Amino acid sequence: MDFLKSMDISSTGMSAQRSRLNVVSMNLANANTTRTEDGTAYRRKAVIFETTPVDDSFEAQLQDSLDNKIYGVKVTDVVPVSGELKKTYDPTHPDADKEGYVSYPNVNLVEEMVSMLNANRSYEANASAIKASKEMALKALDIGR
Amino acid sequence: MEINNSLSNKLMDRTMSVLKKALDYESANQQIISGNMANADTPGYKQMNLRFEEELQRAEGVSGTALNRTDSRHYSGLSTSGSNFTIETTDTDEIDLDSEMAKMTKNNLLYEANSRLLTKKLLALKAAIKGSY
């Protein structure tokens, strides 16, 4: 196995966490948005992580090497989360519906903050993995020095 | 004449020219990667990669080998004629900073490894000349 492959894997992890953080920021910024392009209130979004083979060159597939079993991560989709939107009675609001209720996004600030911290810690963990891999390689170069 | 040839073959043999090419490739790659990272926000900038021409040669079946191989999957060495790498401009607008950093780390490690190999080679020559290590 290529000893530098670990860096590619960790870098996919870091990119994925970065995308996750983008979505969290979007949720936080739109926590009170009552009007979107399609007229309804903003609905909280979540990222879908999916494993992706790191080495998808034709040669690796052909040889069915150990590299074939190594997966990184990729953000494949950003999906709205289903569930009830929060309704508040306010007939004076411009976005109130026929009964006078205004729908607010189903964004829970505490949950989003926790998600943000998780993304942060995962990003750091992946960066540490790259650093560890680099140190191992440098130690290997020290053999016989 | 013969003495000169064999001397220059021992001093500047295939190992050194292969290492030289590898070091050239890695310094060029460092510049390409830094260019990608610096232009991450530049509108219209497309990501660039550095490619060994040797890969294309191997795919086409042209052999530029300088080293003997017992298996076709072994590293065949680099031909020492002309420049071996081409800059390939991809279609990606969005530069992924994390993967550029990982590429840069790998590149630095390979540069370090190659330069130490070169040092060892020169030390061996020095030992041969001095008669002691």
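Residues numbered from 1 in each chain as written. Chains lettered and ligands numbered in written order. Predicted model: local features only at pLDDT ≥ 70, side-chain atom pairs only at ≥ 80, totals over all residues.

(A) A look at the overall build of chain B. A tally of helices and strands in chain B yields four helices and two strands. Reading the helices (α) and strands (β) of chain B from amino to carboxyl end gives α-α-β-α-β-α. When contacts within chain B are restricted to residue pairs at least 6 apart in sequence, those whose partners lie at least 24 apart make up 74%. (Helix = DSSP H or I, 4+ residues; strand = E, 2+ residues; numbered from the N terminus. Contact = placed C-beta atoms within 7 Å.)

(B) Main features of the overall build of chain A. Looking only at helices and strands, chain A has three helices and four strands in total. Shown N-terminal to C-terminal, the secondary structure of chain A runs as helices and strands in the order α-β-α-β-β-β-α. Across chain A, every contact between residues at least 6 apart in sequence was considered, and the portion connecting residues at least 24 apart equals 67%.

(C) Here's a closer look at the interface of chain A and chain B. Contacts between the two partners involve twelve residues from chain A, matched on the other side by eleven residues from chain B. Those elements giving two or more residues to the side of chain A that touches chain B turn out to be helix 1 (5-29) and helix 3 (109-141) of chain A. The leading source of residues in the side of chain A that touches chain B is helix 1 of chain A, at seven residues.

(D) Structural view of the environment of I87 of chain B. Summarising the element assignment, I87 of chain B is placed in strand 2 (residues 85-89). Residues I87 of chain B and N29 of chain B lie 58 residues apart in sequence; the distance between their C-alpha atoms is 9.3 Å.

(E) View of the packing of helix 1 of chain A against helix 3 of chain A. Residues and elements named next belong to chain A. Axis separation between helix 1 and helix 3 bottoms out at 9 Å; the angle between their running directions is 165°. The orientation of helix 1 with respect to helix 3, classified from their angle, is roughly antiparallel. Helix 3 is crossed by helix 1, and the crossing has left-handed handedness. Contacts between helix 1 and helix 3 involve S6, M7, S10, G13, M14, Q17, R20, L21, V24, N27 and L28 on the former and, on the latter, E112, S115, M116, A119, S122, Y123, N126, A127, A129, I130 and S133. (Axes fitted to C-alpha atoms, helices over the stretch in contact; angles between N-to-C directions. Parallel < 35°, antiparallel > 145°, perpendicular 65-115°, else oblique. Left-handed = near helix turned anticlockwise from the far one by under 90°.)

(F) Structural detail: the packing of helix 3 of chain A against helix 4 (residues 97-130) of chain B. Where helix 3 of chain A contacts helix 4 of chain B, the two axes come as close as 10 Å, and the packing angle between them is 5°. Overall, the two elements helix 3 of chain A and helix 4 of chain B adopt an arrangement that is roughly parallel. Residues I130, K134, A137 and L141 of chain A of helix 3 of chain A touch helix 4 of chain B, and the partners they reach there are A102, T105, L109, E112, A113 and R116 of chain B. Its residues placed into classes, the contact of helix 3 of chain A with helix 4 of chain B shows six nonpolar, one polar and three charged. (Nonpolar A, V, L, I, M, F, W, Y, C, P; charged D, E, K, R; others polar.)

(G) Fine view of the environment of Y45 of chain B. Within the secondary structure layout, Y45 of chain B lies in the loop between helix 2 (14-38) and strand 1 (48-52). The spatial distance from the C-alpha of Y45 of chain B to the C-alpha of L125 of chain B is 46 Å, given a sequence separation of 80 residues.

(H) Molecular detail of the pairing of strand 2 of chain B. All names here are of chain B. With zero of five residues buried, strand 2 is to be regarded as a mostly surface element. Pairing of strand 1 with strand 2 involves five bridges; the strand directions are antiparallel. When the sheet's bridge partners are listed, N49 is paired in strand 2 with E88. (Buried ≥ 20, exposed ≤ 12 C-beta atoms within 10 Å, placed from the backbone. Pairing = 2+ DSSP bridges.)

(I) Representation of helix 4 of chain B. The end-to-end C-alpha distance of helix 4 of chain B is 49 Å, a good match for the 50 Å that 34 residues give at a rise of 1.5 Å each. In this structure, the buried side of helix 4 of chain B is in contact with helix 1 and helix 3 of chain A together with helix 2 of chain B. Looking one or two places after helix 4 of chain B, you find G131 of chain B, whose phi comes out positive at around 85°. (Expected span 1.5 Å × (residues − 1).)

(J) Just the environment of F85 of chain B, in detail. Residues and elements named next belong to chain B. Turning to its location among the elements, F85 is positioned in strand 2. Take F85: there are 19 C-beta atoms within 10 Å of it, and that puts it in the partly exposed class. Residues F85 and R51, 34 residues apart in the sequence, show an inter-C-alpha distance of 5.3 Å.

(K) Broad picture of the confidence of the model for chain B. Residue and element names in this part refer to chain B. Averaged over every residue, the pLDDT of chain B is 79; residues scoring 70 or more account for 68%. Confidence drops under pLDDT 50 across residues 60-65; counting only partners more than four residues distant or on other chains, this segment forms six contacts. The ipTM assigned to the predicted complex is 0.76, against a pTM of 0.77. (pLDDT = per-residue confidence, 0-100.)

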